Amino acid sequence: MLKSFKEIKQNIEARNAGREFRRDEDGRAVVELCVRDDSDFLSPYSSSSNSVINSEVAEFIDTSVRPLKADERVRLEIHSDEITADEQKVYTSAIHSYYAEQYKSNSLERRRLLILAIAMAVIGVIALAAAITLIACEREIIGDVVEIVAWVFLWETVDILCFQRSLLRAKQMRCLALADCPIDYLSLEKIAPQVSLN
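As the structure is a computational prediction, the values presented were derived from the model and not from experiment.

### Focus on the overall build of the chain
Next, step 1: The secondary structure content of the chain amounts to four helices and three strands.
Next, step 2: Helices (α) and strands (β) of the chain occur, in sequence order from the N terminus, as α-β-α-β-α-α-β.
Next, step 3: Over its C-alpha trace the chain gives a radius of gyration of 24 Å, far above what one expects of a compact globule, namely 16 Å for 198 residues.
Next, step 4: Taking the principal axes of its C-alpha atoms as reference, the chain extends roughly 80 × 60 × 30 Å.
Next, step 5: Burial status across the chain gives 33% buried among its 198 residues.
Next, step 6: Contacts in the chain between residues far apart in sequence, at least 24 positions, make up 77% of those at least 6 positions apart.
Next, step 7: Accessible surface, the chain: about 13000 Å² in total, of which carbon and sulfur atoms supply 57%.
Next, step 8: For the chain, the distance from the average site of its 24 positive side-chain charges to the average site of its 31 negative ones is 4 Å.

The following block contains the structure:
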């Protein structure tokens, strides 16, 4: 017999109900990453000065920290029997560099969105003033069209300022936490069995 979506949802919620992040002595959430093969840990593309992590590794980390609050501090525990002491230094630097670059990228995008929102607000106000003038001059149809355009620009301004920039701010805070997080390297024997990255 097929399960209903309600039953599936209840099963998922029951499985996740008791799942909490372990905390370190400083209250940071511990995120575990199991690496059985580290040959693709680093991206094949990077600047000459800094290596960065592969996009799959970044995606795994991002998915793992998604349930946490954006401003919550984290500690990464990387479990592997493949990573040497020299690679640990490189990988730690690569993780921190990746998230520092993401922070910088999000900062530039927030600034671009602010400039765009200001421009759209100015256009919206000018269009609204033009619509009022046209309606007062008995050009109601054109005035109504211009008024609709004005409200579209003003709504886009609100959307950018209240929603898009807020989401980017949350991403920035998460990137800051990961760009400076402590990273521990442990053996595979100490990993919880449900967390893995192949």
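And the narrative resumes.
### Concerning the layout of surface pockets
Next, step 1: In this structure, the second largest pocket occupies an estimated 360 Å³ of space.
Next, step 2: Lining the second largest pocket are 14 residues, with D62, A170, K171, R174 and C175 positioned closest to its centre.
Next, step 3: Contributing elements (two or more residues each) for the lining of the second largest pocket: α2 (55-65), α3 (85-136) and α4 (140-179).
Next, step 4: Among the elements that line the lining of the second largest pocket, the one with the most residues is α4, at five residues.
Next, step 5: Grouping the amino acids of the lining of the second largest pocket by side-chain chemistry returns eight nonpolar, two polar and four charged.

### Some thoughts on the environment of R22
Next, step 1: Assignment of secondary structure puts R22 in the loop between α1 (5-17) and β1 (29-34).
Next, step 2: Between the alpha carbons of R22 and I53 there is a distance of 24 Å; along the sequence they are 31 residues apart.
Next, step 3: When residues no more than four places from it in sequence are discounted, the contact partners of R22 are R28, A29, V30, E32 and E77.
Next, step 4: A distance of 3.0 Å separates polar atoms of two side chains, one belonging to R22 and the other to E32.
Next, step 5: At a separation of 2.8 Å, a polar atom in the side chain of R22 contacts the side chain of E77.

### Some details on the pairing of strand β3 (residues 183-186)
Next, step 1: Burial along β3 is one-sided: the face carrying I183 and Y185 is buried and the face carrying D184 and L186 is not.
Next, step 2: Bridge count between strand β2 (residues 74-79) and β3: four bridges; the pairing is parallel. When the bridges of β3 are listed, I78 appears paired with Y185.

### Details of α3
Next, step 1: With 52 residues, α3 extends 76 Å between its outermost C-alpha atoms, agreeing within 8% with the 76 Å of an ideal straight helix rising 1.5 Å per residue.
Next, step 2: After α3 finishes, the residue E138 shows a positive phi value of roughly 60°.

### Digging into the side chain of S64
Next, step 1: Mapped onto the elements, S64 comes out in helix α2.
Next, step 2: For S64, a relative accessible area of 17% puts it in the buried group.
Next, step 3: Engagement of the side chain of S64 in a polar contact is seen with the backbone oxygen of F60, the distance being 2.8 Å.

### Re the packing of α3 against α4
Next, step 1: For the pair α3 and α4, the least separation of the axes is 7 Å and the interaxial angle reads 165°. On the basis of the axis angle, α3 is roughly antiparallel to α4. As for how α3 packs across α4, the hand of that crossing is left-handed.
Next, step 2: When grouped by side-chain class, the residues that make up the contact of α3 with α4 number 31 nonpolar, nine polar and nine charged.

Reading guide: rules and limits
- Residues numbered from 1 in each chain as written.
- Predicted model: local features only at pLDDT ≥ 70, side-chain atom pairs only at ≥ 80, totals over all residues.
- Heavy atoms only, no water.
- Helix = DSSP H or I, 4+ residues; strand = E, 2+ residues; numbered from the N terminus.
- Rg over C-alpha atoms; globule rule 2.2 N^0.38 Å.
- Buried < 20%, exposed > 50% of the residue type's maximum accessible area, 1.4 Å probe, protein only.
- Contact = heavy atoms within 4.5 Å.
- Areas by Shrake-Rupley, 256 points an atom, 1.4 Å probe, with all protein chains shown as cover.
- Lys, Arg positive; Asp, Glu negative; His and termini not counted.
- Charge placed at Lys NZ, Arg CZ, Asp CG, Glu CD.
- 1 Å grid on protein atoms, 1.4 Å probe; cavity = no way out; pocket = protein on both sides within 12 Å on 5 of 7 lines; lining within 4 Å.
- Points joined across faces, edges and corners; volume = space filled by probe spheres on them.
- Nonpolar A, V, L, I, M, F, W, Y, C, P; charged D, E, K, R; others polar.
- Polar contact = N/O pair within 3.5 Å; in protein donor to acceptor, adjacent residues only side chain to side chain.
- Pairing = 2+ DSSP bridges.
- Expected span 1.5 Å × (residues − 1).
- Axes fitted to C-alpha atoms, helices over the stretch in contact; angles between N-to-C directions.
- Parallel < 35°, antiparallel > 145°, perpendicular 65-115°, else oblique.
- Left-handed = near helix turned anticlockwise from the far one by under 90°.

Scope: geometric values only; no functional claims are made or implied.
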